[in-house]
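Here's the letter readout for the chains.
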Amino acid sequence: MDSATSNKETLRWFALRKEQIRKQIDLYRLQTNLTPLKTGLFTTGGATICSHTLKRYNSQYVILYVGEHFVVRVHESYRVASIVNDKTCCGLLKTDFIPTREMRKVHLTVGGLRILRVPNAGGSSVVSEVMSFELLSRCFSAKLKKTEMEVSYFPHGGSITDYVCEIFQETVGVSVTRAMKYRGTYTYDDAYHLLNKKLRGIIQSSKNSQEHWSKQILHIWSTSEYITEILMQTYTMIDPEIKSNTVVIITTAKSADCIFN
């Protein structure tokens, strides 16, 4: 089958799924104040047909990823590649994650399955790490290079990164954490402690790593829009030396309880 025929078949398949995708968007009210600008197709695993749509949302450009398992909205999407590719630049990006089916029924990518199945350094955050990679893979075509325990460090005993991937043709480390509070209200002090601790840990792991990544991503899962806003405001108060060249991605996932359990 030549490429032209293959593209026609893909378009026919997408046309059959178009109404289903539209209903998913309506269900989660993602069409509010959205003006379509450009739409493309995206495939994963040779089976899932998705939509990558560039739209204007509240005067900002966003990428709206609509997949079979979840929807992601990436704010100020035009900045993503430039921040990752600039080895001296830090930055803050905001995303929204909305599952469209139970998380246990999500068909993971090869990389996501690998993170799930191989031994890690312990802790209860493996789901957040798996879904972090799923988001970067499906939205930005990230490719997994190494899992947590496959990364070498010297000296040993310090902070470590959760996985290494290739994204926008750059090798980056990714550290994943969660911003939540079971009792009481999440405060600026909570946000400052989290950001300061994790960003300092990233500096240490980059210094001790025997890998050759150009920079790191700190991926923070947030339980609410309120916590996301607190984190974004607090980020502006962090010492530039602590921010270093780390890219901070904050993902609001209000309906994905399994990421925080």
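This text goes with the structure placed above it.
Residues numbered from 1 in each chain as written. Predicted model: local features only at pLDDT ≥ 70, side-chain atom pairs only at ≥ 80, totals over all residues. Heavy atoms only, no water.

Caption draft 1: How the structure looks around the packing of helix α5 (residues 188-208) against helix α6 (residues 225-235). In contact at an axis separation of 9 Å, α5 and α6 are set at 65 degrees when each is read in the N-to-C sense. The chirality of how α5 crosses α6 is right-handed. Seen from α5, the contacting residues are Y188, A191, Y192, L194 and L195; seen from α6, they are I230, L231, Q233, T234 and Y235. Classifying every residue of the contact of α5 with α6 gives eight nonpolar, two polar and no charged. (Axes fitted to C-alpha atoms, helices over the stretch in contact; angles between N-to-C directions. Helix = DSSP H or I, 4+ residues; strand = E, 2+ residues; numbered from the N terminus. Left-handed = near helix turned anticlockwise from the far one by under 90°. Contact = heavy atoms within 4.5 Å. Nonpolar A, V, L, I, M, F, W, Y, C, P; charged D, E, K, R; others polar.)

Caption draft 2: How the structure looks around the layout of surface pockets. Taken as a whole, the largest pocket spans an internal volume of roughly 530 Å³. Taken together, 24 residues form the lining of the largest pocket, with V176, T177, L194, K197 and K198 sitting closest to its centre. Elements that contribute at least two residues to the lining of the largest pocket include exactly β8 (170-179) and α5. Element by element, the count of residues in the lining of the largest pocket is highest for α5, at nine residues. Taken together, the residues of the lining of the largest pocket sort by class into eight nonpolar, seven polar and nine charged. (1 Å grid on protein atoms, 1.4 Å probe; cavity = no way out; pocket = protein on both sides within 12 Å on 5 of 7 lines; lining within 4 Å. Points joined across faces, edges and corners; volume = space filled by probe spheres on them.)

Caption draft 3: Highlighting α6. Within α6 the residues assigned to the buried category are I227, T228, I230, L231, T234 and Y235. Angular distribution of buried residues about the axis of α6 spans 160 degrees; they occupy a single face of the element. Taken together, the buried residues of α6 touch β5 (91-99), β8, α5, β9 (215-222), α7 (240-243) and β10 (247-252). (Buried < 20%, exposed > 50% of the residue type's maximum accessible area, 1.4 Å probe, protein only. Arc of directions from axis to C-beta.)

Caption draft 4: Layout of unusual backbone geometry. With an omega of 0 degrees, the peptide bond running from F154 to P155 counts as cis. Backbone geometry at E76 places phi at a positive 45 degrees, although glycine is not the residue there. Within the element layout of this structure, E76 appears in the loop between β4 (70-75) and α2 (80-85). A positive phi is found at Q169, a non-glycine position, where the angle reads about 65 degrees. Tracing the backbone through its elements, the reader meets Q169 in the loop between β7 (163-167) and β8. The exposure class assigned to Q169 is exposed, which follows from its relative accessible area of 74%.

Caption draft 5: Fine view of the pairing of β10. Counted residue by residue, β10 has six buried out of six residues, so it is predominantly covered. Pairing geometry for β5 and β10, over six bridges, is parallel. The residue of β10 that forms the bridge with L93 is I249. Sheet topology note: the β9/β10 ladder contains six bridges and is parallel. Pairing of I217 across the sheet is with V247, part of β10. (Pairing = 2+ DSSP bridges.)

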